[in-house]
Every structure is written in structure tokens, then in C-alpha cells.
Amino acid sequence: MTQSDAQLVQETLDGDRQAFALLVRRYERSVRAVAMSIVKSSHTADDIAQDAFVRAWEQLPTLRNPKVFGPWLMKITRRSAIDSLRRQQSLTYSDGLDQMAAHERNGQLDEKQQHLLETIDRLPKAERQVIMLRYFGPHSVRDVANIVGRSVGTVTKQLSRAHKRLKNRPQESEQ
Amino acid sequence: MKPEHIEQNLEQLADKIGTRDSFVDDVMSRIKNSPVQPGKKTGKPNIVLRRILMKKTVKFTAAAVIVIAAVLSLTIWDTAVPNVMASEVLTSAIQAVQNTYSIHIKAKLRTLPQDNFSYINPELDFVPIEMWAKQSGDGRVRMRIDKPRRQLTMDGQAATMIINHNYITQIETSAYGCFNCDWLTRLIAVNELLENELKMAKDDPHHEISVYHEEIDGQNLLVLQRYSQANVSKDDYLRNKFIQSAERTFYYYFDPETKVLIGMQMIVHTGGEDVLVFEITDIEYNPEIADSHFTLDIPSNATYHKEPEILPDNEKYANMTPKEAATAFFTACAQEDWEEYLKFNTESRVNEGWKRVIGGIEIISIGEPFQSEGYGGWFVPYEIKQKDGHIRKHNLALRNDNPAKRWVVDGGI
């Protein structure tokens, strides 16, 4: 059975780095998504994602409730992304090289995808978490339930509500 | 986007966001080098200022303590622990490391991962830096400095730096301070570092150096503290962006018995806060380091840095003002004239990926150039619109202190 976030957090705190590697693998795409919803650039998002996981690692002992690892990580990511935006005003010496590498590695999101991503970011916390795990993991509904420590029924309802909100979101031209 | 296909759209979005094969390895590698290891004790010397200053909530308390300590130093330390003592401590510390033939230092610096070695920013997170040096059998000193997206080696004959895994800068030089890493190499050469401190301790008319004992988690450490002024004024563009342009205080931590240097910190005084910006977290003396560790693996598809050559029409470029050079550079980008672009750069070729970023731009504005006290070149404010609609607004750094006297882009893009 898929281990819950809380179990992996506890194993990490017990000194098992591989447990944290599983969390990184589990949340890589979700963290990237949150970062991209703010900074738009896939390459910068990669940096932010790495920084967010390193920060999470360093701050893990301060996480009081291991069950909320996912939302907590997203909060760290969001803060890192906002910091990154602010830093763009700073003097840098090789942004060009970095962007060059970025364009060779990844395409950017189109406007519609960017809009969808931003809408996901505005979903209620619980719904956002299950949507990200379900699609960005990707994980089965049962695995999502195990990861977040909720019942399959609850997760199904939350996914359903999230789908509805995303379907009914204002379209790009209306914004 | 049709609403009825939301699940498909989500799946497509997930595909587009993607994952990177080496991402988990990259994160785990950074974690391995992190000075903070949750769940187990590191066994490293526990330096109280590090603990205090890492927490922003108590920074003001720490700042107050430092200010009080600075005031006290004028009245008490000069008599109780005069600089004669600083000189004695440093003399002993130099003797303690005189038989060092190799060294391995782990440190962290508040900077950008993608920058060279000297940029600092008190608002940024820490980036790990690792340094090695050894006296090889041929008598040469070999050094290596790693930070994310930078690897640098120097051996007294040449310096090689790999930027972002495939951009290579190589120069023949006997110096060990290339690519703005000189302040780090001064740390690696711990003997010279201490001798330099000793020199300052012997002539300290403004009482900027203090020595005292500090009880830290039950461990008695000997601390040498030195204040240093910024080399630029308070409103300078480069204020607090580099070590020398920051108002700062260094703390050296010694074993009180052996006088061996076991840690070092640098705190930047930013006007409202005292922020820990650099810290040596571990020093290993005389580790065994293979010579091969000082040779970098250069990828076959690497792009090389080259010094500007004198062109047939060199005068045309050498006579440009910084603003004209910035305009010509961005015009070359706008027209996708890469031959012209290279005349303002030090790359051997223009990467295709970068061409897609900077090619076909629209110049929105180019402002009036300005200078900083701490930089030999010029900064030219600009605003451009990339093909993808992204607006880039920054200051282009240009300098012409090369043999061809042409303006080359040194940063800010």
C-alpha cells in the first residue's frame, strides 16, 4: 500500500533520507506547478522546486502535523516563488545562460494552460491537494486517499467538487 | 478550453509541466550537503550566533546584543582584552595550521545559485559552497570551488570554470582569484587568511577587532570579531551586493586549547537588521584528496568563453558610448544578427536556445547609463519585450577593460 505523507515524514525525521526522496518524487510535479503558476518560466520553476524541497527538508522538524506535509510544502513553494519574482530585480550575471538552458529543456505553458494552473492554485486547500496528487502525481484515487489520510469517499467528493469549480471557472477572455 | 474536457485538460497540463529525470537526485544531493540535517545530530561545533541569527524573529535581539557588544568593546574590551591579545591569538592560530597541506571547507552563502562567487544578497536563501585545496607532489597548489551551477578549479597555471554544466571559461593564469572568487580563495589559504587578520590586529586604531571567550552549548570557544566598513556609499547601487560593498562583521571561532580555526561567519549590517550572510560550517584539515578531484569533466558540446579580439572595424565599437553599445547590442538581438551580437559578448557561439529567448525582441526603452563606486563598467537601464511577450526590465552591465577596448555584456540580462 502507498505510504502516507505522515509516515514518510516520520521516517525522514528518523533519519531515512530515502523516505524524503519518495516525497520529492511524489510532489515534484505539484511543486513545479505551483511555482509555474507564479513565475511562468519552467526553468525558474525548476530552481524554485529544488529550493522548496531543500527548505522543506531543513524545516521538517518544525512541521507539527505531518499529515499536512503537502499543503505545507506548497506554502513553502509559493513563498519561494514570490521571493524569486522579487529577486529578478537584483543584479544577476547569467540569467541569459539559464534561460538558454531552460528553453532547451522545456517548453512553456500556453495561455490556457497557465490560466488553468492559476485556477487550480486558487482552489480550496483540500481540493487543490487532491487534484494535484491525482493528476500531477499521478496517483489513483485510492493512493491519494492513503497519502492524505482521508477516505476514498471523501477524496472522490473533493475531486468532483474541484472538477466542477475548474469547469465553471471564468474563461481567459473574461478576466 | 471546453469545460467538458477538464480531466483531459488536467492530464495534458500535467504532461506539459513534466518532471525531470535527475530532479530527485539533484534535490537529494543538495540535501546531503545541507548543513541542516533533521533527525540526527551533525556533531559539528554549535555556534550560538548561527542559531540566533538564522531565526529572523530574534534577529533584532541579536542585533541589539551585537550593538551593545560593540559599545562595550570601546570601554571594556580595549582594556580587558586588548588587540595585543588578538595578535597573540592569531599568532598561535597561524602556528596551529602551519602544517596544513590540504583542506576541505563547507560553507554557505546567501546568493543566487546561478551567479558567480562574489554576489551576496541578505534577502536570499543560503546556497552551499564547497572548497578543496591541496599542495600536490609537483609543488603546485590545486584548488577547487563548487556551488550550484558553478565548478571552478585553479592550479597556479590555469583556471577553468564550468557554468551551468556546459559553458566553459578557461584562462591561463597563475592567480588563484579568478571569476570573483578571490575572497573564497583567501579563506582556503587559511594560513594567509590568519596572517592578514594578524596584520590588521597589529594596526587597529579604530578598535574594530575584539577577542573574547564565548560559552556555546557548554563548549568554550575563542572568538575574534572584526568590523569592516563598506567600500561604497549607503545609496550606491552595489551596496550590500558584494562582500566588499557591504558593511559587515566577521567572526572567527577558534578552539581555545589548540587555537585551530574551526568556524567563521560574516554578518551584514543592512540598516535595520544584522543578517548572517556567510558561514563556514565545517573545516577538515589535511584530508586525503585525489589529484583527479581538481580536474573537471568538460562536456563535448560545451560553449567556450573567449576574450574580445581586435576587429577590422574595432574603432567603430571602441568609440561607442555605453548607451550606444547597449542600443547596438539590443538592435542585434532584435534583428537576430548573431554575428553582430557576438561582438558584444565573450561566447564562442550563440546557443540556439538563447537565440529563441533574445532573438526578435522589441526595444521598449534604453535609459541613461550610470556607474557604481564598486564596479569598473557601466550599467545601462533597459526595457525590452521578448517574442513570447515577457517584459525584461533591468540594468545591462557593460565593460570595456579588455585588450580590444570594446564594450562587452558583463551581466544584467
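For clarity, every value in this text was computed on a predicted model and none was experimentally measured.

## Quick look at the nonpolar core
A general tendency of soluble globular proteins is for nonpolar side chains to be buried together. By size, the foremost hydrophobic cluster in this structure holds 60 residues, and its most contacted members are Phe20, Tyr27, Phe53, Phe69, Ile120, Ile131 and Phe136 of chain A. Here the element with the most residues in this core is helix α2 (residues 17-39) of chain A; it accounts for 13 residues. For Ile131 of chain A, the residues in contact, after removing those within four places along its chain, are Ile120, Leu123, Phe136, Leu159, Ala162, His163 and Leu166 of chain A together with Leu10 of chain B. Grouped together as the second largest cluster of nonpolar side chains are 53 residues, Phe117, Met131, Val190 and Val275 of chain B included.

## Details of the sheet that holds strand β2 (residues 126-135) of chain B
All names here are of chain B. Spatially, 12 strands are ordered β7-β8-β9-β10-β11-β1-β2-β3-β4-β5-β6-β12 in an open sheet, and the strand pairing comes out mixed. If you trace the sheet from one side to the other, it starts and ends with β7 (209-216) and β12 (303-304), each paired once. Where strand β9 (residues 248-254) and strand β10 (residues 261-269) come together, seven bridges link them in antiparallel fashion. Residue pairing for β10: Tyr251 is matched across the bridge by Gln265.

## Overview of helix α2 (residues 23-33) of chain B
Turning to α2 of chain B, its buried residues number three or more, namely Phe23, Val24, Val27, Met28, Arg30 and Ile31 of chain B. Looking down the long axis of α2 of chain B, one finds its buried residues gathered within 160° of arc, a one-sided arrangement. Facing away from the buried side of α2 of chain B, by more than 90 degrees, are the exposed residues Asp25 and Lys32 of chain B. Of the surrounding elements, those touching the buried residues of α2 of chain B are α2 and α3 (42-59) of chain A.

## A look at the packing of helix α9 (residues 152-167) of chain A against helix α1 (residues 6-17) of chain B
Where α9 of chain A contacts α1 of chain B, the axes come no closer than 10 Å and their chain directions differ by 90°. As summarised for this structure, α9 of chain A and α1 of chain B are arranged roughly perpendicular, according to the angle between their axes. Contacts between α9 of chain A and α1 of chain B involve His163, Leu166 and Lys167 of chain A from the first element and Ile6, Glu7 and Leu10 of chain B from the second. Tallied by class, the residues present in the contact of α9 of chain A with α1 of chain B amount to three nonpolar, one polar and two charged.

## Quick notes on the pattern of salt bridges
All names here are of chain B. Taken as a whole and assessed by the stated rule, the structure comprises 23 salt bridges over all chains. Linking Asp291 and Lys134 is a salt bridge whose minimum nitrogen-to-oxygen distance equals 2.9 Å. Taken together, the residues Asp291 in the loop between β11 (274-285) and β12 and Lys134 in strand β2 connect sequence positions 157 residues apart. For Asp291, a relative accessible area of 40% translates into the label partly exposed. Owing to a relative accessible area of 16%, Lys134 belongs among the buried residues under this scheme. Among the salt bridges present, the one from Glu340 reaches Lys343, with a minimum N-O distance of 3.3 Å.

## Comments concerning the environment of Ile120 of chain A
With respect to the helices, strands and loops of the structure, Ile120 of chain A is situated in helix α6 (residues 111-121). Remark: the alpha-carbon pair of Ile120 of chain A and Arg165 of chain A, spanning 45 residues in sequence, is separated by 9.1 Å. In this view, Ile120 of chain A contacts Arg128, Ile131, Met132, Phe136 and Leu166 of chain A together with Leu10 and Leu13 of chain B; residues no more than four positions away in its chain are not counted.

Rules used in this analysis
Residues numbered from 1 in each chain as written. Chains lettered and ligands numbered in written order. Predicted model: local features only at pLDDT ≥ 70, side-chain atom pairs only at ≥ 80, totals over all residues. Heavy atoms only, no water. Core = buried A, V, L, I, M, F, W, Y, C linked by side-chain atoms within 4.5 Å. Buried < 20%, exposed > 50% of the residue type's maximum accessible area, 1.4 Å probe, protein only. Helix = DSSP H or I, 4+ residues; strand = E, 2+ residues; numbered from the N terminus. Contact = heavy atoms within 4.5 Å. Pairing = 2+ DSSP bridges. Arc of directions from axis to C-beta. Axes fitted to C-alpha atoms, helices over the stretch in contact; angles between N-to-C directions. Parallel < 35°, antiparallel > 145°, perpendicular 65-115°, else oblique. Nonpolar A, V, L, I, M, F, W, Y, C, P; charged D, E, K, R; others polar. Salt bridge = Lys/Arg side-chain N within 4 Å of Asp/Glu carboxyl O.

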